[in-house]
Each structure stands twice: as C-alpha cells, then as structure tokens.
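A structural walkthrough
What follows is the residue order along each chain.
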Amino acid sequence: PQLRRAIEECKRVILALPEHSERQKDAVVRLIHLRLKLQELKDPGEDEPNIRVVLEHRFYKEKSKSVKQMCDKCSTIIWGLIQTWYTCTGASGTAPARPCLPQGRTDTRPCPPGCYYRCHSKCLPLVSRPCVRAQVSHQAEYQLSICPESGLDSQDYRCAEAVAVPAPCQPCAAAGGVPSEARQCDYTGLYYCSSCHWNDLAVVPARAIHNWDFEPRKVSRCSMRYLALMVSRPVLKLREINPLLFNYVEELVEIR
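Structure report, in brief. Just so you know, these numbers come straight off a predicted model, no measurement behind them.

This paragraph deals with the sheet that holds strand β2 (residues 57-61). One open sheet holds the 4 strands; their spatial order is β1-β2-β5-β6, and the pairing between them is antiparallel. The open sheet terminates on both sides in strands that have one partner only, identified here as β1 (51-54) and β6 (118-120). The mean angle between the axes of side-by-side strands here comes to 30 degrees, regardless of whether they run parallel or antiparallel. Pairing geometry for β1 and β2, over 4 bridges, is antiparallel. Within β2, the residue paired with Arg52 across the bridge is Phe59.

Here you go:
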C-alpha cells in the first residue's frame, strides 16, 4: 500500500511540475524506479523452477540480469534485473519416433535446438503456440512457393496468429485479432499484427531456389524461428525442384 501511494503521489508531482523541466524528468525517473520495485514484489522469481515445459517448449530460466529482451507473448520489455524470464532452448538427446518411420523405431539424429521463444515467467501459462522444434522434428519441409499471398480478406482481416492459435498474443487478442498495422510475412504470404511480426529478416528458401535470391526478407516471428531451426537440415533436392539452376550457377556445377 505504501508503495502504491508513493507511485500515485509521484504521478501528481509530475503533472504539477513544468513540462520538460529537470525536476519533472527526475520525478519520471523516480516513478519508473517505484513501478519496477512494485513489479519486483509481484514477481520475485526466487522459487521459480529452472526448467518449465509448455506445449513442447523446453523453457530454461535465464540467469542474465543485464540483457534487455522483448517478451514474445505480451510484446513488452523483459527487465532482467528484477523480472524472472525464460527462453526455449530445447534439450539434448534424440528425436522421438516420427510418423513416417516403422512402429518402434526412433530417429537417432540429435534433437534440433529450441526455438528461442522468450517470455516473462508470468506469461508462461499464456503461451499458446507449440514450439516449432516439434514441427521440424516431425515434418521438416519448406514452403516453396514465393510469398504465396491470398489476401488479407482470406484471413477475415485478422492477424494470422489469431487465426492459427486459440489464444494469440495479448495485444492481438485485445484488438480482437484485427491488426492496426498489417505486416506481410514473405515466407508464408500471410499477414500479421506488429506484435506477431517484428520485421525480422531471413533468407526465404523459395526465392533462393527459384531465383537464386538470398536477399533477407521480412518474416513473422514464428516463420523466423522455423527457418532458423531448418537452416542446417538437408531437405532440399535441387535437381528435382529446379534442375535449370545447374545450367546457370557455376558453384552448383562444381558441386555436382
């Protein structure tokens, strides 16, 4: 209660002081510290387990206190100094049996690393999208059409994440799934809100295969994670997909 009263008093002082004055700036800094202290009391994190498993994510509690990250769930800053946060870093071992293998057999290749989904401890129960590591393990394949756009109307003018999962990101859910800014993912061709599409850049396999174009393009968060995990997996058969490349790309001729 005392801390909340101090925060309210600090707000009143800020409003009463001349705008852009040094005293007002100092009061704003004090307000930030008070709010962070209040958050620390809400989220102490001392008894949090080191490993949490949610929808095939293997979340490990982070030790770093100085790195500032963004939460993939609520799209707000993770203040490592006072907040407990987790990263999906996967696990060692071998991948589980895949549906395409005979019953009882397992794939002995190492499991891919985690998807590096980051979030506050308090956001873990709200995570709704399964780890793309599972998709890479069970069905490793690329979308090979170049930016297969079907139009925002095909998504009912909603963020693709709101369509794909039952509980999308919090900003997206608060807006009813309707993005204030529609951002297209060059890999899937779908449109996302700014909370699910941070303008991350990645090389798009379809452009590389069909046009020998390795220019990084803007992709959604989920596409970025999937492409990052797939990058070292030899799943593309160039001779079958685009044999003409061998007539024009000297490096491929040498490899063949």
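What follows picks up the thread again.
Time to look at the side chain of Gln24. By the element assignment, Gln24 lies in helix α2 (residues 22-42). The exposure class assigned to Gln24 is buried, which follows from its relative accessible area of 13%. Only 3.0 Å separates the side chain of Gln24 from the backbone oxygen of Ile14, close enough to count as a polar contact. Within the local environment of Gln24, its side chain forms a polar contact with the backbone nitrogen of His20, the two atoms lying 2.9 Å apart. Setting aside anything within four residues of it in sequence, one finds Gln24 in contact with Ile14, Leu17, Pro18 and Glu19.

Per the stated rule, a full pass over the model turns up 3 aromatic pairs. Between the aromatic rings of Phe59 and Tyr117, the centroid separation amounts to 6.1 Å while the plane-to-plane angle is 70 degrees, which identifies the pairing as edge-to-face. Of the two residues, Phe59 sits in strand β2 while Tyr117 sits in the loop between β5 (85-88) and β6, which places them 58 residues apart along the sequence. Residue classification places Tyr117 among the buried positions, given a relative accessible area of 8%.

Positive phi, normally seen in glycine, also occurs at His20, with a value near 65 degrees. Within the fold, His20 resides in the loop between α1 (2-16) and α2. You will see that Ser75, though not glycine, has its phi angle at about 60 degrees, which is positive. Relative to the assigned elements, Ser75 resides in the loop between β3 (68-70) and β4 (77-79). You can call Ser75 buried: its relative accessible area is 18%.

The next point concerns a nonpolar patch on the surface. Together, Val203, Trp212 and Phe214 give the surface a local cluster of nonpolar side chains, amounting to about 260 Å² of exposed area. By the secondary structure assignment, Val203 is in the loop between β9 (200-202) and α6 (205-211).

Glancing now at the nonpolar core. Membership of the largest hydrophobic core comes to 35 residues, with the highest contact counts inside it found for Phe59, Cys115, Tyr117, Cys119, Tyr187, Tyr192 and Val219. Contributing elements (two or more residues each) for this core: β5, α3 (132-138), α4 (160-164) and α7 (221-230). Looking at this core element by element, the count peaks at 5 residues for α7. If near-sequence neighbours (up to four positions away) are discounted, Val219 is found in contact with Cys185, Asp186, Tyr187, His197, Asn199, Asp200, Ala202, Val204, Met224 and Leu227. Membership of the second largest hydrophobic core comes to 8 residues, among which are Ile7, Ile14, Leu17 and Leu34.

Before going further, it helps to spend a moment on the pattern of salt bridges. According to the stated counting rule, one finds 9 salt bridges in the structure shown. For the salt bridge of Arg12 with Glu9, the shortest nitrogen-to-oxygen distance reads 2.8 Å. Taken together, the residues Arg12 and Glu9, both in helix α1 and 3 residues apart, mark about one turn of the helix. For Glu9, a relative accessible area of 39% translates into the label partly exposed. Here Asp186 ties to Arg207 by a salt bridge, and the two come within 2.7 Å at their closest N and O atoms. Within this pair, whereas Asp186 is found in the loop between β7 (183-184) and β8 (191-192), its partner Arg207 is found in helix α6, the two being separated by 21 residues in sequence. Taking relative accessible area as the criterion, Arg207 reaches 14% and is therefore assigned buried.

Each value, and the rule that gives it
- Residues numbered from 1 in each chain as written.
- Predicted model: local features only at pLDDT ≥ 70, side-chain atom pairs only at ≥ 80, totals over all residues.
- Heavy atoms only, no water.
- Pairing = 2+ DSSP bridges.
- Helix = DSSP H or I, 4+ residues; strand = E, 2+ residues; numbered from the N terminus.
- Axes fitted to C-alpha atoms, helices over the stretch in contact; angles between N-to-C directions.
- Buried < 20%, exposed > 50% of the residue type's maximum accessible area, 1.4 Å probe, protein only.
- Polar contact = N/O pair within 3.5 Å; in protein donor to acceptor, adjacent residues only side chain to side chain.
- Contact = heavy atoms within 4.5 Å.
- Phe/Tyr/Trp six-rings, centres within 6.5 Å; stacked < 30°, edge-to-face > 60°.
- Patch = residues over 30% accessible without salt bridge, like charges linked within 9 Å, V, L, I, M, F, W, Y side chains within 5 Å.
- Areas by Shrake-Rupley, 256 points an atom, 1.4 Å probe, with all protein chains shown as cover.
- Salt bridge = Lys/Arg side-chain N within 4 Å of Asp/Glu carboxyl O.
- Core = buried A, V, L, I, M, F, W, Y, C linked by side-chain atoms within 4.5 Å.

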